[in-house]
Amino acid sequence: MKNSKVIISTFIIILGMIIVPTVYKIYKNHEENLIKVVEKEFLYYAKNCYNESVCKEPIVELKDLYENDYLKEKLTNPINKKYYSEKSSINLDTNEIKLIS
């Protein structure tokens, strides 16, 4: 009887050691992908604004996109659901994105 309890508990521990890190990694990967989607959207509209010569500088702020109606809705952080600051910017020369929550 004790031998079967040891085998069952060992099996449960091994499953826990496999399942918990896997779920954590999937969750973190999902969060990173959500952030990438917001960054790609910001980059897309900033490039459109700059290529149409509406935005004059290669550093485009989120405020410029709102004012020129490239973005109708405010960008939010998909993880904590807070709006990004209008001071958030992107440098189109280096593709460096600074999203400020």
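Because the structure is a prediction, the values reported are computed rather than measured. (Residues numbered from 1 in each chain as written. Predicted model: local features only at pLDDT ≥ 70, side-chain atom pairs only at ≥ 80, totals over all residues. Heavy atoms only, no water.)

Student: Got a sec to walk through the sheet that holds strand S3 (residues 96-98)? Specific residues and values, please.
Tutor: Taken in spatial order, the three strands line up as S1-S2-S3 in an open sheet, and their pairing is antiparallel. Among the strands making up the open sheet, the edge pair consists of strand S1 (59-61) and S3. The average undirected angle you get between the axes of adjacent strands in this sheet is 15°. Pairing of strand S2 (residues 89-91) with S3, which is carried by three bridges, proceeds in the antiparallel orientation. Counted as the bridge partner of Asn 91 is Glu 96 from S3. (Pairing = 2+ DSSP bridges. Helix = DSSP H or I, 4+ residues; strand = E, 2+ residues; numbered from the N terminus. Axes fitted to C-alpha atoms, helices over the stretch in contact; angles between N-to-C directions.)

Student: How would you explain the pattern of salt bridges if you had to name every residue and give the values?
Tutor: Applying the stated criterion across every chain, the model contains one salt bridge. With its nearest N and O atoms 3.5 Å apart, the salt bridge here joins Glu 31 to Lys 28. Linking Glu 31 with Lys 28, this pair stays in helix H1 (residues 2-51), spanning three residues, or about one helical turn. Overall, Glu 31 belongs to the buried group, its relative accessible area being 12%. (Salt bridge = Lys/Arg side-chain N within 4 Å of Asp/Glu carboxyl O. Buried < 20%, exposed > 50% of the residue type's maximum accessible area, 1.4 Å probe, protein only.)

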